There are 2 protein chains.
Amino acid sequence: MDDLDLPTAAPATIEEFRDRLTEITDGLPRRLRQCADHIAANIDRIAVSTVAELAAGADVPPSAVMRFCQILGYSGFSEMQKLFREAYAPGFPDYSTRLKNLKDGGAGSPSALLAEFIEAGRLSLEALAKSADETALAQAVSVLAGADMVHVIGLRRAFPVATYLAYVFEKMSVPAMLHDGVGKLDHRHALRAGDAVLAITFAPYSEETIALAQDARDRGLPVVALTDRPTSPLARTADAILTVPEVDFGAFRSLSATIALAIALAVAVGSARG
Amino acid sequence: MDDLDLPTAAPATIEEFRDRLTEITDGLPRRLRQCADHIAANIDRIAVSTVAELAAGADVPPSAVMRFCQILGYSGFSEMQKLFREAYAPGFPDYSTRLKNLKDGGAGSPSALLAEFIEAGRLSLEALAKSADETALAQAVSVLAGADMVHVIGLRRAFPVATYLAYVFEKMSVPAMLHDGVGKLDHRHALRAGDAVLAITFAPYSEETIALAQDARDRGLPVVALTDRPTSPLARTADAILTVPEVDFGAFRSLSATIALAIALAVAVGSARG
DNA sequence: GTGGTTTTGGAATATTTATTCCATTTCCAC
DNA sequence: GTGGAAATGGAATAAATATTCCAAAACCAC
């Protein structure tokens, strides 16, 4: 009568919980599997749900959910929920109150603007986490890591990103050249066989950036694009395309997500080169 | 027997809830006030608490909490909690799972790096929300709004911020000049009476930036500083000092918070000038 | 202090929610 | 198909939780 199936203890942290979940999901009978899937997809709602709600969501009877909790090693649903209720409070404790206060300064007040930009930045970062394309990123890294020199171009609102990339490449000893358009000098003849281009542009796309990318393409150099949509004009010329979902507030975008992606790219390239 | 005390309906959003809370807190008898205070301080935990827990936290009997909910206009605690349970999911739905997955790519993998930078950016923004000094911001805005021309200087890793500021000022038709150090040209003679300087620098502080700020100071021009600590060398020369708590990951900082603050400042200045 | 009003605490009750149990069904090896 | 084991659904029960109610206490104006 011994239950030797599950000598493992119940997960005590959310990390462990996630691991355990992916670990056991295969090889679970139909109903229990529905539970696992639904819970995995709604892990953040466990803390505020009832057994009945979860069961309805997974389209199983409540008893199935109970069994599932027990398979995971808990005595029941309540014990499992406890984990999530306690862990709950991710940076949120005071943050939203504070934002509210800032906004109370009145629409258009400096503090209210700040609150809006902070919020836009945060949303952008979260959206990036959700939408980032790992494959494209890996490919971009490999393209740039193999280049003799990286030519960085980004103008107008993409310029800050380009300059930060240039700074990071410099710090990581990656040979890089920033095409900044100073003096309307055109440096396209600096492109040499073995080099690669990293082009950054957002709608309305800057002509010079697209032209440089096209030029590189014509000469057979690989191009990595950092842009806002898969339909961007850079898509045609790029060997790897990274899109970044930036939330605008008013006429200006936050750049938070773009910069996060850009630095990750640059650092990855830097370490790939050793 | 009519209850004409509370013709107002129960708050239907968290915003309204907060407003209502601050509105009624004064003029509440002792126990109810304890409830109000404790709830205000733990607003983010309502969704995952029971009446008994809340009551214990506020050091009142459960019935006091019930009464409090009813005063707010709800039929009881459950109805009030419903609001918070539903509103719960602030961008978090899938975000943390996703971050975890990105990190699973392995330490040092491009995705893992990206996850780290996203997280650093988010933490920085939250920290900024908590620590932002509204008074200093308002003062910085008034100083810059009154200037004939704004001189922006920021080098090395502050350079991207400076360029973005220059971009925003340009878009908002604020006369601004970016001191970029191109060609090692020194533009300090461009400073004229009536102008103001916006200097950005982080440890290790760039000499040129400090020098320009000092120069402006000597000539009696106002200086606004955007820096990392109140002890920054700019503190001595600045008329308004904005500090920004940026979370580093590895050798690089995210800039998210700095940029959010910078744009808010620029847009506020732009609209203050009409 | 007195009478009336408001506030309070806690015990009693109602409701919701979790959990167990077992008869029925499904699955699978033979 | 048959027998045995595993899985399932739902009804019954147990536990936790919310809610009400009222007697006692505190408060306040006079």
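### Observations concerning the confidence of the model for chain A
Stage number 1. For chain A, per-residue confidence averages 84 on the pLDDT scale, and 86% of positions sit at 70 or higher.
Stage number 2. With pLDDT under 50 throughout, residues 1-7 of chain A is counted as low confidence; its partners more than four residues away or in other chains account for three contacts.

### Re the sheet that holds strand S5 (residues 240-243) of chain A
Residues and elements named next belong to chain A.
Stage number 1. Reading across the sheet, the five strands line up as S2-S1-S3-S4-S5 and stay open at both edges, with parallel pairing between neighbours. Two strands close off the open sheet at either side, each with one partner strand: strand S2 (176-179) and S5. Going across the sheet, the axis of each strand differs from the next one's by a mean of 15°, ignoring polarity.
Stage number 2. Summarising the sheet, strand S1 (residues 150-154) and S2 pair through four bridges and their orientation is parallel. Counterpart to isoleucine 153 in the pairing with S2 is histidine 179.
Stage number 3. In the packing of helix H8 (residues 134-145) onto the sheet, contacts are made with S1, strand S3 (196-201), strand S4 (223-227) and S5, and the angle to S5 comes to roughly 130°.

### Considering the sheet that holds strand S2 (residues 176-179) of chain B
Residues and elements named next belong to chain B.
Stage number 1. The parallel open sheet is built from five strands, whose spatial order is S2-S1-S3-S4-S5. Because the sheet does not close on itself, it has two edges, and the strands there are S2 and strand S5 (240-243). Between one strand and the next, the sheet's axes are offset by a mean angle of 15°, whatever the strand orientation.
Stage number 2. Across the sheet, helix H9 (residues 159-171) is in contact with strand S1 (150-154), S2, strand S3 (196-201) and strand S4 (223-227); its angle to S1 comes to roughly 155°.

### Points about unusual backbone geometry
All names here are of chain A.
Stage number 1. Going from alanine 203 to proline 204, the amide bond is cis rather than trans, its omega being -10°.
Stage number 2. Following the sequence through the fold, proline 204 ends up in the loop between S3 and helix H10 (207-218).
Stage number 3. Even without a glycine there, the phi angle at arginine 156 is positive, about 55°.
Stage number 4. Note that arginine 156 resides in the loop between S1 and helix H9 (159-171).
Stage number 5. Residue classification places arginine 156 among the exposed residues on the basis of a relative accessible area of 53%.

### Some points on the protein's contact with DNA strand D
Stage number 1. Close to DNA strand D lie 16 residues; Arg31 of chain A together with Val51, Met66, Gln70 and Phe77 of chain B are nearest.
Stage number 2. Here the atoms of DNA strand D within 4 Å of the protein split so that 68% fall in sugar or phosphate, with bases taking the remainder.
Stage number 3. Backbone polar atom of phenylalanine 77 of chain B to a phosphate oxygen of DNA strand D: 2.5 Å apart, as the coordinates give it.
Stage number 4. Separating a sugar or linking oxygen of DNA strand D from a side-chain N or O atom of serine 78 of chain B is a distance of 3.0 Å.
Stage number 5. Breaking the surface near DNA strand D down by element, the ones donating at least two residues are helix H2 (30-41) and helix H4 (62-71) of chain A together with helix H3 (51-58), helix H4 (62-71) and helix H5 (77-87) of chain B.

### Topic: the protein's contact with DNA strand C
Stage number 1. For DNA strand C, the set of nearby residues contains 15 residues, the closest of which are Val51, Gln70, Phe77 and Ser78 of chain A together with Arg31 of chain B.
Stage number 2. The sugar and phosphate moieties of DNA strand C supply 68% of its atoms located within 4 Å of the protein.
Stage number 3. Taking valine 51 of chain A, its main chain carries an N or O atom lying 2.7 Å from a phosphate oxygen of DNA strand C.
Stage number 4. Separating a phosphate oxygen of DNA strand C from a backbone N or O atom of phenylalanine 77 of chain A is a distance of 2.5 Å.
Stage number 5. Elements supplying a minimum of two residues to the surface near DNA strand C: helix H3 (51-58), H4 and helix H5 (77-87) of chain A together with helix H2 (30-41) and H4 of chain B.
Stage number 6. Considering every element that reaches the surface near DNA strand C, the biggest residue donor is H4 of chain A, with three residues.

### So, the pairing of S4 of chain B
Residues and elements named next belong to chain B.
Stage number 1. With five of its five residues buried, S4 lies for the most part within the structure.
Stage number 2. The side-chain alternation of S4 yields two buried faces, one formed by Val223, Ala225 and Thr227 and the other by Val224 and Leu226.
Stage number 3. Relative to S4, S3 runs parallel, the two sharing five bridges. Looking at the pairing, isoleucine 200 lines up with leucine 226 of S4.
Stage number 4. Handedness of the S3-helix H10 (residues 207-218)-S4 crossover: right-handed.

### Brief notes about the packing of aromatic side chains
Stage number 1. Evaluated as defined, the whole model comprises four aromatic pairs over all chains.
Stage number 2. A centroid spacing of 5.9 Å and a plane angle of 15° characterise the contact between tyrosine 164 of chain A and tyrosine 167 of chain A, whose relative ring orientation is stacked. In this pair, tyrosine 164 of chain A and tyrosine 167 of chain A are both assigned in helix H9, three residues apart and thus about one turn of the helix distant.
Stage number 3. Judged by relative accessible area, tyrosine 167 of chain A falls into the buried class, the value being 16%.
Stage number 4. Summarising the aromatic geometry, the rings of phenylalanine 17 of chain B and phenylalanine 84 of chain B are spaced 4.9 Å apart at their centres and angled 90° between planes, so their arrangement reads as edge-to-face. Of this pair, phenylalanine 17 of chain B sits in helix H1 (residues 14-25) while phenylalanine 84 of chain B sits in helix H5, placing them 67 residues apart in sequence.

### A few points about the pattern of salt bridges
All names here are of chain A.
Stage number 1. By the definition in use, this model includes 11 salt bridges over all chains.
Stage number 2. Here arginine 217 ties to aspartate 239 by a salt bridge, and the two come within 3.2 Å at their closest N and O atoms. With a gap of 22 residues between them, arginine 217 in helix H10 and aspartate 239 in the loop between helix H11 (234-237) and S5 connect regions that are remote in the sequence.
Stage number 3. A relative accessible area of 37% means that arginine 217 is categorised as partly exposed.

### Considering the side chain of arginine 253 of chain A
Stage number 1. On the secondary structure map, arginine 253 of chain A appears in strand S7 (residues 252-253).
Stage number 2. Residue class for arginine 253 of chain A comes out buried when judged on its relative accessible area of 7%.
Stage number 3. Non-local contacts of arginine 253 of chain A, meaning those with residues more than four positions away in its chain, are made with Arg157, Phe202, Asp228, Glu246, Val247 and Asp248 of chain A together with Tyr164 and Ile263 of chain B.

About the thresholds
- Residues numbered from 1 in each chain as written.
- Chains lettered and ligands numbered in written order.
- Predicted model: local features only at pLDDT ≥ 70, side-chain atom pairs only at ≥ 80, totals over all residues.
- Heavy atoms only, no water.
- pLDDT = per-residue confidence, 0-100.
- Contact = heavy atoms within 4.5 Å.
- Pairing = 2+ DSSP bridges.
- Helix = DSSP H or I, 4+ residues; strand = E, 2+ residues; numbered from the N terminus.
- Axes fitted to C-alpha atoms, helices over the stretch in contact; angles between N-to-C directions.
- Buried < 20%, exposed > 50% of the residue type's maximum accessible area, 1.4 Å probe, protein only.
- Near = heavy atom within 4 Å.
- Polar contact = N/O pair within 3.5 Å; in protein donor to acceptor, adjacent residues only side chain to side chain.
- Right-handed = clockwise from strand over helix to strand, strands pointing away.
- Phe/Tyr/Trp six-rings, centres within 6.5 Å; stacked < 30°, edge-to-face > 60°.
- Salt bridge = Lys/Arg side-chain N within 4 Å of Asp/Glu carboxyl O.

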